[in-house]
Amino acid sequence: MEVIDALKRRFTVRAFKPDPVDRKTLENILEAALKAPSWANTQPWEIYVAGGGVLNKLREAYVQNLKNCVQRSPDLAAPKQWPLALQGRMESLRAERTTTLERVCLDKTTLKDLSEMNYHFFYAPAVAYLCMDRTLTPWSVFDLGLLAQSIMLAAQNYGVDSATAVTLAAHPDLVRQELKIPDDLSIIIGIALGYADPGHPQNQFRSSRRTVQDAVTFLGI
Ligand SMILES: Cc1cc2nc3c(=O)[nH]c(=O)nc-3n(C[C@H](O)[C@H](O)[C@H](O)COP(=O)(O)O)c2cc1C
């Protein structure tokens, strides 16, 4: 698949079919993604991929946390306040998603609350957790971002869909326990991997983007 096609076709899939992604395909995706660049080739990532019974146990623990209203405590804290323009885009995203979901979801009872879908890991058969040493800084988070997008694009090449979601790492204590991740690693982000359920209302939405004119300032060109 051409890179431009992969970039255009990828979107955050929020409802997966239960079909597993086989181990070889996951290895192929990760092998390609590990070509991602990093500061001084430090390759700060440690990747844990969970599926099958391990992931289901973690999923159950997550759902329990949702039921018990357990506060999120991600290893990588969210900003206390977002710049106004970004806050506006977050609100637009919410409004646009709601409009789409209300339009496509004829039977309101089948429409699960989005946060609930997050806690079910969007029913994905596999989740890759990207971790790094706790002592590292945003420099290395940047590298993990490059890796994340590389994983999602490589996945597209193999017909595998994805959802990068901070919620998957919102309860790091549970993830650490089930996946046996050492304490000296921060769990930065989770990427759900699997095959999109094309008919599901959650997958009818496509987010909008800023234009080149809006986002880019050209100088001397
Ligand atoms: C770092 C990061 C964290 C995200 N966390 C979540 C999340 O917790 N739940 C969710 O539904 N989507 C999450 N997303 C998906 C974004 O909402 C999505 O990428 C954005 O709205 C653009 O839409 P698209 O991915 O479909 O193009 C996350 C994306 C990124 C890059």
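Residues numbered from 1 in each chain as written. Predicted model: local features only at pLDDT ≥ 70, side-chain atom pairs only at ≥ 80, totals over all residues. Heavy atoms only, no water.

Novice: Which residues make up the overall build of the protein chain, and what values go with them?
Specialist: When its secondary structure is counted, the protein chain shows eight helices and four strands. Along the protein chain, helices (α) and strands (β) appear in the sequence α-α-β-α-α-α-β-α-β-α-β-α when read from the amino end. Rg of the C-alpha trace for the protein chain: 18 Å, near the compact-globule value of 17 Å for 221 residues, within the 12% margin. If one aligns the C-alpha atoms of the protein chain with their principal axes, the spans along those axes are about 55 × 50 × 40 Å. Expressed as a percentage of the 221 residues in the protein chain, the buried residues total 40%. (Helix = DSSP H or I, 4+ residues; strand = E, 2+ residues; numbered from the N terminus. Rg over C-alpha atoms; globule rule 2.2 N^0.38 Å. Buried < 20%, exposed > 50% of the residue type's maximum accessible area, 1.4 Å probe, protein only.)

Novice: So what's going on with the nonpolar core? Which residues, and what values?
Specialist: Residues Leu58, Phe121, Tyr129, Val175 and Ala192 are the most contacted members of the largest nonpolar core, which totals 29 residues. At four residues, the largest contribution of residues to this core is made by helix α3 (residues 52-67). Not counting residues up to four positions away in its chain, the partners in contact with Tyr129 are Glu46, Ile47, Tyr48, Leu58, Phe121, Leu168, Ala169, Val175, Leu179, Ile187, Ile189 and Gly190. Residues Ala36, Leu144, Ile151 and Ala155 belong to the second largest nonpolar core, which totals 23 residues. (Core = buried A, V, L, I, M, F, W, Y, C linked by side-chain atoms within 4.5 Å. Contact = heavy atoms within 4.5 Å.)

Novice: Please provide a residue-by-residue account of unusual backbone geometry, values included.
Specialist: Positive phi outside glycine occurs at Phe122, with the angle close to 55°. Along the chain, Phe122 turns up in the loop between α5 (114-119) and β2 (126-133). The buried category is assigned to Phe122, whose relative accessible area is 1%. For Tyr123, which is not glycine, the phi torsion reads 65° and is therefore positive. Along the chain, Tyr123 falls in the loop between α5 and β2. Owing to a relative accessible area of 29%, Tyr123 belongs among the partly exposed residues under this scheme.

Novice: Summarise the sheet that holds strand β3 (residues 161-165); cite the residues concerned and give the values.
Specialist: The four strands lie next to each other as β1-β2-β4-β3, forming an open sheet whose pairing is antiparallel. Where the open sheet ends on each side, the last strands, each with one partner, are β1 (46-51) and β3. Neighbour to neighbour, the strand axes of the sheet diverge by 25° on average, direction disregarded. Bridge count between β1 and β2: six bridges; the pairing is antiparallel. Of the residues in β2, the one forming a bridge with Val49 is Ala128. (Pairing = 2+ DSSP bridges. Axes fitted to C-alpha atoms, helices over the stretch in contact; angles between N-to-C directions.)

Novice: Talk me through the site of the ligand; I want residue IDs and the actual numbers.
Specialist: Close to the ligand lie 14 residues; Thr12, Arg14, Thr167, Ser207 and Arg209 are nearest. The side chain of Arg14 places a nitrogen or oxygen atom 2.8 Å from an oxygen atom of the ligand. For the ligand, a nitrogen atom lies 2.9 Å from a polar atom in the backbone of Val166. Bound to the protein, the ligand loses 68% of the 610 Å² it would expose on its own. The pocket occupied by the ligand, as judged from atoms lying within 2 Å of grid points, is the largest pocket. Partitioned by chemical class, the residues of the shell around the ligand number six nonpolar, five polar and three charged. (Near = heavy atom within 4 Å. Polar contact = N/O pair within 3.5 Å; in protein donor to acceptor, adjacent residues only side chain to side chain. Areas by Shrake-Rupley, 256 points an atom, 1.4 Å probe, with all protein chains shown as cover. 1 Å grid on protein atoms, 1.4 Å probe; cavity = no way out; pocket = protein on both sides within 12 Å on 5 of 7 lines; lining within 4 Å. Sits in = over half its atoms within 2 Å of the grid points. Nonpolar A, V, L, I, M, F, W, Y, C, P; charged D, E, K, R; others polar.)

Novice: So what about helix α6 (residues 138-157)? Which residues, and what values?
Specialist: Compared with the 28 Å implied by 1.5 Å per residue over 20 residues, the 29 Å span of α6 between its first and last C-alpha is a close match. Buried residues in α6 make contact with α1 (3-9), α2 (23-33), β1, β2, β3 and β4 (185-194). Just beyond α6, the residue with positive phi is Gly159, at close to 75°. (Expected span 1.5 Å × (residues − 1).)

Novice: Break down the packing of α3 against helix α7 (residues 172-179) for me, citing the residues and quoting the values.
Specialist: One way to put it is that α3 packs onto α7 with a least axis distance of 10 Å and a crossing angle of 155°. Compared by their axis directions, α3 and α7 come out roughly antiparallel. In the packing of α3 onto α7, the handedness of the crossing is right-handed. Only Leu174, Val175, Glu178 and Leu179 of α7 make contact with α3, whose side of the interface consists of Val54, Lys57, Leu58, Ala61, Tyr62 and Asn65. Split into classes, the residues belonging to the contact of α3 with α7 amount to seven nonpolar, one polar and two charged. (Parallel < 35°, antiparallel > 145°, perpendicular 65-115°, else oblique. Left-handed = near helix turned anticlockwise from the far one by under 90°.)

Novice: An account of the environment of Glu60 is needed here, citing residue identities and associated values.
Specialist: Along the chain, the position of Glu60 falls in helix α3. Along the backbone, Glu60 and His120 are 60 residues apart, and their C-alpha atoms lie at a distance of 7.8 Å.

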